[in-house]
Amino acid sequence: MASFEPTNVGELPSRRDEPLLRRGERPLLRRTDIHMSASGPGVPNSKTKSTGALFLTTQRIMFMPKKTTERQMDVELRGILSEKFNQPIFGANSISGTASPPADIGAPPNS
């Protein structure tokens with residue numbers, strides 16, 4: 001499931017660019033200067049592009065943009081429906097895919 005919620009950003013100034021991990025979740029990989037684009041339900045303005053840091057954990061992929069005005073993206077690994085590794089002759093390698101939206105998109109807020 002994909003989400004654009006800024007709930008995983010740490011509150012400590014020295015760790016502000018690091019996501020908070022869930023219980024039992026382990027970090028696997030961190031890459032900086034990643035270019036990300038996303039579109040579809042749950043994405044602000046239906047489409048977004050940004051540069052930032054990508055974190056891979058045992059449960060999800062998280063993207064944290066450099067600009068604090070942009071929202072982070074959180075994709076549950078179990079919510080990834082398809083993925084593709086792209087290796088063009090010219091240009092950088094990339095990964096593309098489809099993820100299911102969170103179950104609460106389109107649902108009325110709890111009262």
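The structure displayed is predicted, hence computed values, not measured ones. (Residues numbered from 1 in each chain as written. Predicted model: local features only at pLDDT ≥ 70, side-chain atom pairs only at ≥ 80, totals over all residues. Heavy atoms only, no water.)

J.: Is there a simple way to think about the pairing of strand 3 (residues 47-57) in this case?
T.: Along any regular strand the residues' side chains alternate between the sheet's two faces. Where strand 2 (residues 27-39) meets strand 3, ten bridges bridge the pair, whose relative direction is antiparallel. Paired with His35 across the bridge in strand 3 is Thr51. One ladder, built from five bridges, connects strand 3 with strand 4 (residues 60-65); its direction is antiparallel. Within strand 4, the position partnered with Phe55 by the bridge is Met62. Where strand 3 folds back onto strand 4 in an antiparallel hairpin, the turn is made up of two residues. (Pairing = 2+ DSSP bridges. Helix = DSSP H or I, 4+ residues; strand = E, 2+ residues; numbered from the N terminus.)

J.: Quick question: what am I supposed to make of unusual backbone geometry here?
T.: Peptide bonds are trans in most cases, and residues, glycine excluded, mostly fall at negative phi. Its identity is not glycine, yet Asp33 carries a phi of approximately 55°, on the positive side. Topologically, Asp33 is positioned in strand 2. Under the relative-accessibility criterion, Asp33 is labelled partly exposed at 46%. (Buried < 20%, exposed > 50% of the residue type's maximum accessible area, 1.4 Å probe, protein only.)

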